[in-house]
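Chain and residue survey
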Amino acid sequence: MSRRRFTMPTPPGVDDFHAHGAASTGDWETDRADERWVPTHCSFCGVQCGMYLRVAGGEVIGVEPRMDTPNRGKLCPKGVAAYQQIEHPDRLTHPLVRDGGHLRRATWDEALDRVVAGIRRIQHESGRDALATYGGASMTTEKTYLLGKFARLGLGTRHTDYNGRMCMVSAGAANMSAFGIDRTANPISDVAETDVALVIGANVPETFPIFIRHFWTLIDRGGTLICVDPRETTLARIAQLHLSVRPGTDAALLNAMLHVIVEEGLVDQAFVDAHTVGFDEAAAAVADSTPGRASQICGVPTDDIVTAARLYGRADKAMVNHARGLEHQIMGTRNAQAAINLCLATGNLGRPGAGYGTITGQGNGQGGREHGQKCDQLPGQRKFDDPGAIEHVAAVWGVDPDEIPERGVPIFAQLDLMEAGAIRGVLNFCSNPIVSWPDQARTHKILEGLDLYVVSDLFLSESALLADVVLPSAAWAESEGVIANSDARVFKINKAVDPPGEARTDIEILCELARRLDRGHLFDYDGPRAVFDELRRASRGGRADYYGITYERLDAPDGIAWPCPDEDHPGTPRLFEDLRFGFPDGRARFNAVAYEPPAEEPDDDYPYRLTTGRDVAHYLSGNQTRRLGYLTDQSPAPWAEVHPDTASALDIADGDAVRLTTRRGTTVLTARVVGTIRPDTVFVPYHWAPPIAANQLTISRFDPTSGIPNYKACAVKVERSAEPAIPVPPPPVPTEGSHA
Amino acid sequence: MTMERSIFVDPSRCIGCGACVAACRECDSHRGKSMMNLDFVDRGTSTAALPTVCMHCADPVAPCAQVCPVDAILQTDDGVVHSPDVSRCIGCTNCVHACPWGVPKFDVVEQLAYKCNLCYDRTSVGLGPMCATVCPSDALYYGTAAEVEAQRPNRKVIDVFGFGEQAVQTGNWMVVPADAPDLLPVITA
């Protein structure tokens, strides 16, 4: 490339990291001849778009689209802005310890001594299980694998869990119960090849924007899109049929569709007979689930339900895809099972354009749940009820099988143990529960009540403000590793620059903690590659078999979908092509689903239904994206989305301040009055911190199978507020001594 | 002058995500400034959104350039209408007012006008412009008319727009329903 030089003045009024002094504030220039472009993938959602990070002078200075990866150069605004985290002035660059009610700067020695002393004291007084680890699925698979191993062998506790408990566990539990394996059956690109796509509870254009192109290919080909969502998303806008379902009632809708399919003879009986178990029970369970009854429950026209069932049931190839809208309910797992029942009844599995897809939210939401940081699994998606699994993993780890603690309980069951004082210490790597857990007041009380609360993160999150020790960790571009995207496709994250200041990678932090706990011999790695090679062996023969995947093979820009049992294996982009499912008899399971109303129904005091969700400019708890100027320009504050009929009944105009109150809490937001939401429903995006956090309002109720919170349907009161909308609190920064 | 490849704007596909606005800012020739416009048409009733890029008007050639008193806006032989030369721009805002699409932006601090230059640093060496490269839904697409018409049934591409009695033929294109008029009235006479 020829030498090109551009000089531009610093853009005035641009509220981003340049303006905050992280880059030169005078004239600045880029010189691409001096740049390195580091091929990698995005830090954010489960699409895991490929991108180049532009590196010059030891700093990440920008992003360049990468055309060879599945996203073909496409990026959403989060992907474009992701690089701005790296040199951000808010980054944690040294450890902090709590001292007299404040967080102050500390050396690594002092911080780690404090952590280790706390661990030893609590375990001496209350036993090994009095400690828990809690991990994030934004970390690479190496880190999540190592955190699970650290909990079990470093701390010797059974309590490890992860923030996918708020994300993928309903889909995972349903996948396991129906197919005996937890991953999407078909890649999302199969939508482009299908005849009828049913998308339920997935705001694809805002949460997985890059996947929208497959839906357009479907439409351009003359295929049919059916969208089920209480809001007219930009996906619903282009659907031939939009069912504006009442939040929390999806199973009633899906059961009615199965009812129609059974009644009208649209069942693929040959497939059902040859490849499934349990059809009669599932069909009997929907015998009374008429479209008329579903219409009453779901608030959508009877004819639309019948039409949807016929379109889906008569298609030669049909897909079902869902995401958190369906899953964030006490019915989450059963909703997903009801969706799978449709696929099984119509024989839509294992073919291009015919199948089932669970869309993963977090960047490594798939890989982060496969290798042991989830409470009920060991590496390779191995289950504790399989003694061979424990023996295999113990052999790889070089320990006696008895040394591996029994399975733990999900994080939201751990909360009860924390309230009871049975769990007294938590090591939190890469998650921000103050924003993300339901019922924020309860979360705050629990975290504050811990005897030891340690946070490792790249920014000082709202949750880290409550910590006894804060450890500065490397960002995604500061170490290497692998992730698995929504399609279970494993990609390689490459290192672009060194971590800032004294920040360390989570792998270094865990190994050093283990060494100080006299467990260093089990955590002797010289870097991510050594962890990955052990992970490959630990996963070998398991459901999520990574043995055939190597760093070298991952130089291929399309990645490799697991299972991949040996180095000559091409990977498995689509499951069940041989129509053998993950049970000893090879058959898939129907699960009879009975509809149950949401955890909290509207009543006279709280007459509307609150549902929470996401905005395209923000990611998860916002600890990263609320600091990136462009993204906060685009989406500066949460809002309450209200239908014009509701607004008019409550004397609310667009832009007015509205008070939202539930039995858990209250907040004041700006009203967005739009005809694109159900009149009985109010929507609030959840990325912001208290006092404007959606999770001040949500309910502490969980799916009994998966343990996922019921974010998508609770009862709320809406009033015009005399006070203005509460201002957006600035994200916390490590200013010494300023934190309570 | 006809551009070999150009941007095709298809508002029906826009998801309003703002990737184009973000990516435009990453273009090295105007780093930190977005030349994109993204509007929700009527958010009260619909999620429909509309991206507006510089259309690189060809005939009559570039109204923004025609009204520039200091010839700061130049057009190259490939049809690209460039951003005002910062060493010539006097901040008169004529271009801002003359543009039929409302594209040029005036920086009140610098007292300078800026506009899209089709990512000339990229397109002149064979790369796509940032906005259309990243656009998730191909609401902005960089390529040829033949490619677009082959991929999108019941759509056609147009490059002549009516502003009252004045027809403007542009370098970039819009993708419209097949039954839309060939000369699309943007402002009726």
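Counting restarts for each chain, with residues numbered from 1 along the sequence as it is written. Labels follow written order: the first chain is A, the first ligand is 1, and so on. Side-chain atom pairs in this predicted model are given and counted only at pLDDT of 80 or more, local residue features only at pLDDT of at least 70, and totals for whole chains, interfaces and linings cover all residues.

1. Digging into the overall build of chain B
Which entries qualify depends on this criterion: Numbering of helices and strands runs from the N terminus, with a helix taken as a DSSP run of H or I at least four residues long and a strand as a DSSP run of E at least two residues long. As a reference, a globule follows 2.2 Å times the number of residues to the power 0.38, and the radius of gyration itself is taken over C-alpha atoms. Each residue is classed by its C-beta neighbour count within 10 Å, where at least 20 other C-beta atoms makes it buried, 12 or fewer makes it exposed, and intermediate counts make it partly exposed; the C-beta atoms are placed from backbone geometry.
Along chain B, the regular secondary structure elements total six helices and ten strands. Taking 16 Å as the expected radius of gyration for a compact globule of 189 residues, we find that chain B reaches 16 Å, a close match to that expectation. In terms of principal-axis extent, the alpha carbons of chain B reach across some 45 × 40 × 35 Å. Taking all 189 residues of chain B together, 48% fall into the buried category.

2. Some thoughts on the overall build of chain A
Short version of the rule: With C-beta atoms placed from the backbone, a contact is any residue pair whose C-beta atoms sit within 7 Å.
Secondary structure summary: chain A contains 22 helices and 30 strands in total. Relative to the 2.2 N^0.38 estimate, which gives 27 Å for 740 residues, the radius of gyration of chain A is 25 Å and therefore close to what a compact globule would have. If one aligns the C-alpha atoms of chain A with their principal axes, the spans along those axes are about 70 × 65 × 65 Å. Looking at the 740 residues of chain A, the share that counts as buried comes to 62%. The long-range share in chain A, meaning contacts at least 24 apart out of those at least 6 apart in sequence, stands at 74%.

3. A short note on the packing of helix α8 (residues 250-263) of chain A against helix α12 (residues 302-314) of chain A
All names here are of chain A. Operational definition: An axis is simply a line fitted to the C-alpha atoms; with a helix, the fit covers only the stretch in contact. Between two such axes, the angle follows the N-to-C directions and lies from 0 to 180 degrees. By the definition adopted for this analysis, an angle is roughly parallel if under 35 degrees, roughly antiparallel if over 145, roughly perpendicular if from 65 to 115, and oblique otherwise. Left-handed describes a crossing in which the near helix is turned anticlockwise from the far one by less than a right angle; the clockwise case is right-handed. Classification convention: Asp, Glu, Lys, Arg as charged; Ala, Val, Leu, Ile, Met, Phe, Trp, Tyr, Cys, Pro as nonpolar; all other residues, Gly among them, as polar.
Running from N to C, α8 and α12 cross one another at 60°; their axes reach a closest spacing of 9 Å. Between α8 and α12, the angle is such that the two are oblique. Both α8 and α12 take part in a crossing whose hand is right-handed. Each of Leu253, Ala256, Met257, Val260 and Ile261 in α8 lies in contact with α12, whose residues at this interface are Ile305, Val306, Ala308, Ala309, Arg310, Tyr312 and Gly313. For the contact of α8 with α12, the residue count by class is ten nonpolar, one polar and one charged.

4. Observations regarding the confidence of the model for chain A
What counts here: Every residue gets a pLDDT, meaning the predictor's confidence in that residue, from 0 to 100.
Model confidence for chain A is summarised by a mean pLDDT of 94, while 95% of its residues fall at 70 or above. Note on residues 1-31 of chain A: pLDDT under 50 across the span, and 54 contacts to partners over four residues away in sequence or across chains.

5. A look at the sheet that holds strand β14 (residues 318-322) of chain A
All names here are of chain A. Rules: If DSSP finds at least two bridges between two strands, the strands pair.
The strand order across the open sheet formed by five strands is β12-β11-β10-β14-β15, and the pairing between neighbours is parallel. Looking at strand neighbours, the two that pair on one side only are β12 (241-243) and β15 (355-358), the edges of this open sheet. Going from strand to strand, the sheet's axes swing by 15° on average, the running direction of each strand aside. Taken together, the four bridges between β14 and β15 define a ladder with parallel strand orientation. Bridge pairing in β15 links Val320 to Tyr356. Set on the sheet, α12 makes contact with β10 (196-200), β11 (224-228), β12 and β14; between it and β12 the angle comes to about 125°. Running at roughly 170° to β14, helix α14 (residues 332-345) makes contact with β10, β14 and β15 of the sheet.

6. Things to note about the interface of chain B and chain A
Taken residue by residue, the interface counts 34 residues in chain B and 40 residues in chain A. Of all the elements in the fold, those that place two or more residues in the side of chain B that touches chain A are α1 (19-24) and α5 (130-134) of chain B. The element best represented in the side of chain B that touches chain A is α1 of chain B, accounting for three residues.

7. Observations regarding the pairing of strand β1 (residues 6-9) of chain B
Residue and element names in this part refer to chain B. In this structure, β1 lies alongside strand β7 (residues 140-143), joined through four bridges in antiparallel fashion. Looking at the pairing, Ile7 lines up with Tyr142 of β7. Two strands pair when backbone bridges link them, and β1 and strand β9 (residues 166-177) are joined in this way by two bridges, in the parallel orientation. Residue pairing for β9: Phe8 is matched across the bridge by Trp173.

8. Re the domain arrangement of chain A
All names here are of chain A. Under the convention used in this document: Source of the domain bounds: an automatic or database domain assignment.
Taken domain by domain, chain A consists of domain 1 (5-85), domain 2 (110-167 + 364-493 + 502-561), domain 3 (169-359) and domain 4 (608-720). When each unit is reduced to the centre of its C-alpha atoms, the spacing between domain 3 and domain 4 is 26 Å. Those elements giving two or more residues to the side of domain 3 that touches domain 4 turn out to be α4 (169-179), α5 (204-207), α13 (324-327) and α14. Counting residues per element, the side of domain 3 that touches domain 4 draws most heavily on α4, which supplies three residues.

9. With respect to the nonpolar core
Going by this rule: Nonpolar cores are built from buried Ala, Val, Leu, Ile, Met, Phe, Trp, Tyr and Cys residues. These are joined into a set through C-beta atoms within 7 Å.
Leu253 and Met257 of chain A together with Cys20 and Cys131 of chain B are the most contacted members of the largest nonpolar core, which has 289 residues in total. Element by element, the count of residues in this core is highest for α8 of chain A, at ten residues. Contact partners of Met257 of chain A, with chain neighbours within four places excluded, come to Ile305, Ala308, Ala309, Tyr312 and Leu342 of chain A.

10. Considerations on the sheet that holds strand β22 (residues 489-493) of chain A
Think of a sheet as strands paired side by side through backbone hydrogen bonds, with each pair either parallel or antiparallel. All names here are of chain A. Pairing in this open sheet of three strands is antiparallel, and the strands run β21-β22-β23 from one edge to the other. Where the open sheet ends on each side, the last strands, each with one partner, are β21 (481-484) and β23 (560-561). Strand direction decides the pairing type here: β22 and β23, joined by two bridges, are antiparallel. Bridge assignment links Arg489 to a residue of β23, and that residue is Ala561.

11. Some points on unusual backbone geometry
Outside of glycine, negative phi angles account for most residues, and trans bonds account for most peptide bonds. Along the chain, Pro690 of chain A connects to Pro691 of chain A via a cis peptide bond; the corresponding omega equals 10°. Mapped onto the elements, Pro691 of chain A comes out in the loop between β29 (681-685) and β30 (714-720). Even without a glycine there, the phi angle at Gln381 of chain A is positive, about 60°. By the secondary structure assignment, Gln381 of chain A is in the loop between β16 (377-378) and β17 (382-383). You can call Gln381 of chain A buried: it has 25 C-beta atoms within 10 Å. You will see that Cys119 of chain B, though not glycine, has its phi angle at about 45°, which is positive.

12. Notes on the packing of helix α3 (residues 141-155) of chain A against helix α20 (residues 528-539) of chain A
Residue and element names in this part refer to chain A. Between α3 and α20, whose axes approach to 9 Å, the crossing angle comes to 70°. What the angle tells us is that α3 and α20 run roughly perpendicular. Between α3 and α20 lies a crossing of left-handed hand. Residues Thr141, Glu142, Tyr145 and Leu146 of α3 touch α20, and the partners they reach there are Pro528, Val531, Phe532 and Leu535. By residue class, the composition of the contact of α3 with α20 is six nonpolar, one polar and one charged.

13. Brief notes about α3 of chain A
Residue and element names in this part refer to chain A. Formally: The span one expects for a helix is its residue count, reduced by one, times 1.5 Å. Bend, at a single residue, is the angle you get between axes fitted to the 7 residues ending at that residue and the 7 residues starting at it.
Helix length check: α3 (15 residues) gives 20 Å between terminal C-alpha atoms against 21 Å at 1.5 Å per residue, within 8%. Its axis deflected by about 30° at Lys149, α3 carries its strongest bend there. Most of α3 sits out of view: 15 of its 15 residues are buried. Gly156 sits one or two residues past α3 and shows a positive phi near 70°.

14. Notes on the confidence of the model for chain B
Looking at chain B as a whole, its pLDDT mean stands at 94, while 98% of the residues score no less than 70. Our summary of model confidence lists the complex with pTM equal to 0.94 and ipTM equal to 0.96.

15. Quick look at the environment of Val169 of chain A
For Val169 of chain A, the location among the structural elements is in helix α4. Distance in space between the C-alpha atoms of Val169 of chain A and Gly707 of chain A is 7.4 Å, their sequence separation being 538 residues.

16. Observations concerning the environment of Ile434 of chain A
All names here are of chain A. Among the secondary structure elements, Ile434 is positioned in helix α17 (residues 433-436). Owing to 22 C-beta atoms within 10 Å, Ile434 belongs among the buried residues under this scheme. Measuring from C-alpha to C-alpha, the distance between Ile434 and Ala694 comes to 11 Å, with 260 residues separating the pair along the chain. Look past the residues within four positions of Ile434 in its chain and what remains in contact with it is Gln440, Thr443, His444, Glu462, Ser463, Ala689 and Pro690.

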